[in-house]
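Architecture and fold: a report
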Amino acid sequence: MTRLALIRHGQSQWNLENRFTGWVDVDLTEKGRAEAHKAGSLLKDTGIEFSACFTSVQKRAIRTLWMALDEMDRMWLPVTRAWQLNERHYGGLTGLNKAETAEKHGADQVKVWRRSYDIPPPPLEKGAAFDLSKDLRYISLGVDVPATESLKLTLDRVQPYFEAEIAPRIESGESLIIAAHGNSLRALVKILFDVSNDDIVNVEIPTGNPLLIEMMDGTLKPSSARYLDGERATDLPPIK
Ligand SMILES: O=C(O)[C@H](O)COP(=O)(O)O
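Quick caveat, the model's predicted, so the values are computed rather than measured.

So, on to the pairing of strand 4 (residues 176-180). Burial runs high along strand 4: five of the five residues are buried. Covered by surrounding structure in strand 4 are Leu-176, Ile-178 and Ala-180 together with Ile-177 and Ala-179, the residues of both alternating faces. Sheet topology note: the strand 1 (residues 2-8)/strand 4 ladder contains five bridges and is parallel. When the bridges of strand 4 are listed, Arg-8 appears paired with Ala-180. Bridging between strand 2 (residues 52-55) and strand 4 involves four bridges; their strand directions are parallel. Bridge pairing in strand 4 places Ala-52 opposite Leu-176.

All right, on to the site of the ligand then. Residues in close proximity to the ligand include Arg-8, Asn-15, Arg-19, Phe-20, Thr-21, Gly-22, Glu-87, Tyr-90, Lys-98, Arg-114, Arg-115 and Asn-183, which together make up its full environment. The side chain of Glu-87 places a nitrogen or oxygen atom 3.1 Å from an oxygen atom of the ligand. The side chain of Arg-114 places a nitrogen or oxygen atom 2.6 Å from an oxygen atom of the ligand. About the coverage of the ligand: the protein hides 98% of its 310 Å² of free accessible area. Among the residues making up the shell around the ligand, the classes are represented as two nonpolar, four polar and six charged.

Bringing the UniProt feature "site: Transition state stabilizer" (unreviewed entry) in the chain into the picture now. The UniProt record annotates "site: Transition state stabilizer" (unreviewed entry) at His-181. Take His-181: it is sitting in the loop between strand 4 and helix 8 (182-193). Setting aside residues up to four positions removed in sequence, His-181 forms contacts with Arg-8, His-9, Ser-56, Gln-58, Arg-60, Ala-61, Leu-85, Asn-86 and Glu-87. One polar contact links His-181 to Arg-60, side chain to side chain, over a distance of 3.5 Å.

Scanning all chains against the criterion turns up 14 salt bridges. Salt-bridge contacts for Arg-74 lead to Glu-49; the nearest nitrogen and oxygen are separated by 2.6 Å. Placement of the pair is Arg-74 in the loop between helix 3 (59-72) and strand 3 (79-81) and Glu-49 in the loop between helix 2 (30-46) and strand 2, with a sequence separation of 25 residues. With a closest N to O distance of 2.9 Å, Lys-152 and Asp-156 form a salt bridge. Placement of the pair is Lys-152 and Asp-156 together in helix 7 (residues 151-171), with a separation of four residues, close to one helical turn. Judged by relative accessible area, Asp-156 falls into the partly exposed class, the value being 37%. Through salt bridges with shared partners, a single ionic network connects Asp-25, Asp-135 and Arg-137.

Time to look at the packing of aromatic side chains. Taken as a whole and judged by the stated rule, the model has five aromatic pairs. Here Trp-14 and Phe-130 contribute two aromatic rings whose centre-to-centre distance is 5.3 Å and whose plane-to-plane angle is 90°, an arrangement assigned as edge-to-face. With a gap of 116 residues between them, Trp-14 in helix 1 (residues 13-16) and Phe-130 in the loop between helix 5 (107-115) and helix 6 (136-141) connect regions that are remote in the sequence. Taking relative accessible area as the criterion, Trp-14 reaches 8% and is therefore assigned buried. For Phe-130, a relative accessible area of 31% translates into the label partly exposed. Here Phe-20 and Tyr-90 contribute two aromatic rings whose centre-to-centre distance is 4.7 Å and whose plane-to-plane angle is 55°, an arrangement assigned as tilted. Of this pair, Phe-20 sits in the loop between helix 1 and helix 2 while Tyr-90 sits in the loop between strand 3 and helix 4 (98-105), and the two are 70 residues apart along the sequence. Ring-pair connections join several aromatic residues into one group, and the members of that group are Trp-23, Trp-83 and Tyr-138. Over the face of the ring belonging to Trp-14 we find Arg-19, whose NZ or CZ atom lies 3.9 Å from the ring centre.

The rules behind the values
Residues numbered from 1 in each chain as written. Predicted model: local features only at pLDDT ≥ 70, side-chain atom pairs only at ≥ 80, totals over all residues. Heavy atoms only, no water. Buried < 20%, exposed > 50% of the residue type's maximum accessible area, 1.4 Å probe, protein only. Helix = DSSP H or I, 4+ residues; strand = E, 2+ residues; numbered from the N terminus. Pairing = 2+ DSSP bridges. Near = heavy atom within 4 Å. Polar contact = N/O pair within 3.5 Å; in protein donor to acceptor, adjacent residues only side chain to side chain. Areas by Shrake-Rupley, 256 points an atom, 1.4 Å probe, with all protein chains shown as cover. Nonpolar A, V, L, I, M, F, W, Y, C, P; charged D, E, K, R; others polar. UniProt positions renumbered as here; feature names shortened; annotations may be inferred. Contact = heavy atoms within 4.5 Å. Salt bridge = Lys/Arg side-chain N within 4 Å of Asp/Glu carboxyl O. Phe/Tyr/Trp six-rings, centres within 6.5 Å; stacked < 30°, edge-to-face > 60°. Lys NZ or Arg CZ within 6 Å of the ring centre and 35° of its normal.

Encoded structure:
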């Protein structure tokens, strides 16, 4: 049986402050670190041997993976860091408080920006605060930092990477871990569970709670899926 474990990073400092984060490289809170440790403990209890891990180039996901692997006593596993697994870029909303933004623009508009499939937040102005186009990691990777991303634009960078680098290894029978972000994982869930553009609005990924997906051998088709921390589980799309 091939498994894929998806882990959204533990609570971040800006999750705690309820601020739109996107590509800003905030770290985990103490609660987020505890969530990462618990994620590792839950994965260890499954007894599953994973062969490799993938994460983003953002420290909240990288550190979550490190701490989970530490709990699993598997820190030696290969880890690939890919910008394609970064959180969705929140554009001009980056750094703003989500509640204040809802007061200013209306809760419905914020829900559209946060959870709709193809409507991006307003773009971030070049040179504005949180403009990461001069960030050394993206310059060294030759990445053109987006001004904003809808979930569709996020999926348009996640999917090719997943299909090129991760899917073939799952199809060959490897069990893998992906530690990433709320919206880059929503993109992956949309792909794996064939979720419609309308239904993806209702998919939420909890922090630091491994989503363990069992795949039909040799395929990318989920046969079962569950969050390992049942008390913090959110609704999953149906398996078709
Ligand atoms: O980027 C962020 O603000 C969070 O990591 C995800 O935010 P969201 O749940 O509002 O999409």
